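Descriptive analysis of the structure
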Amino acid sequence: MVQSTYVQYDRNRGGDASGFVAPDPLAKERRDAEIALLWTQWKSDRSIETRNRLVEIFHPIARLVSRQLAVTLSDEISRDDIEGYAMEGLLDAIDRFDPARGIQFSTFAPYRIRGAVYDRIREYDWVSRSDRRRERELRRTRDEFVTRYHRQPSPEEEAALV
């Protein structure tokens, strides 16, 4: 027996019989006003409640940056660690942001978040940056060899590539 689903038209919410409710045209303006008020409060009192509200609003930026970085970073670093470092970067970005400069937080924050993630990874990495660069170059030349000759290079050929 198949039950039919009937969506009742709700006159109070607006919308149509399908249940679609059009977005509130003033919602963005209200949200922007709320965010501006939160930044003003944060700059004046630095309360934890205000900061936590800002983190709630802007945590999708940290998650987006962490996902982008997880694709490019080594598999040895867990996505959870990267996201944690990104959240630390978000907190740092909130502390350092100055709305009086005239830029949006969504423009400012990704640079701070990305930098914080890289700083934390470097802090725990025992290999120097120059060694990492050499490793990337070797991997790139090895991939070019495989693409060109359709086989893995022998140790002698690999030594010649370097």
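Data block above holds the structure.
On a predicted model such as this, the values are computed, not experimentally measured, just so you know. (Residues numbered from 1 in each chain as written. Predicted model: local features only at pLDDT ≥ 70, side-chain atom pairs only at ≥ 80, totals over all residues. Heavy atoms only, no water.)

If you look at the biggest cluster of nonpolar residues, it comprises 27 residues, and the most contacted ones within it are Trp39, Phe58, Leu90, Ile94, Phe105, Ile113 and Val117. When contributions to this core are tallied by element, the ones reaching two or more residues are helix H1 (27-45), helix H2 (48-72), helix H3 (79-96) and helix H4 (105-124). Of the residues forming this core, the biggest block, nine residues, is contributed by H2. Sequence-distant contacts of Val117, that is, excluding residues within four places in its chain, are made with Leu69, Leu73, Ile82, Tyr85 and Ala86. (Core = buried A, V, L, I, M, F, W, Y, C linked by side-chain atoms within 4.5 Å. Buried < 20%, exposed > 50% of the residue type's maximum accessible area, 1.4 Å probe, protein only. Helix = DSSP H or I, 4+ residues; strand = E, 2+ residues; numbered from the N terminus. Contact = heavy atoms within 4.5 Å.)

Taking 1.5 Å of rise per residue, the 21 residues of helix H5 (residues 129-149) would be expected to cover 30 Å, and the 30 Å separating its terminal C-alpha atoms lies within 8% of that figure. Two residues or fewer past H5, His150 is found with a positive phi of approximately 60 degrees. (Expected span 1.5 Å × (residues − 1).)

A separate point is H1. Look at H1: 27 Å from first C-alpha to last across 19 residues, which is about the 27 Å you get at 1.5 Å a residue. By the burial criterion, the buried members of H1 are Ile35, Leu38, Trp39 and Trp42. Angularly, the buried residues of H1 cover 100 degrees about the axis, an arc narrow enough to put them on a single face. What points out from H1, more than 90 degrees from its buried face, is the exposed set Glu29, Thr40 and Ser44. The elements touched by buried residues of H1 are H2, H3 and H4. Following H1 by one or two positions, Arg46 has its phi on the positive side, about 55 degrees. (Arc of directions from axis to C-beta.)

Of note in this structure, Arg46 is not a glycine but carries a positive phi near 55 degrees. Tracing the backbone shows Arg46 in the loop between H1 and H2. Positive phi is not limited to glycine here, since His150 has a value of about 60 degrees.

Counted under the stated rule, the structure contains eight aromatic pairs. Measuring from ring centre to ring centre gives 5.1 Å for Phe97 and Phe105, while their planes differ by 80 degrees; the resulting arrangement is edge-to-face. Considered together, Phe97 and Phe105 belong to a single accessibility category, that of buried residues. Of the aromatic side chains, those joined through ring pairs into one cluster are Trp39, Phe58, Phe97, Phe105 and Phe108. (Phe/Tyr/Trp six-rings, centres within 6.5 Å; stacked < 30°, edge-to-face > 60°.)

The values reported here are purely geometric and, on their own, carry no functional implication.
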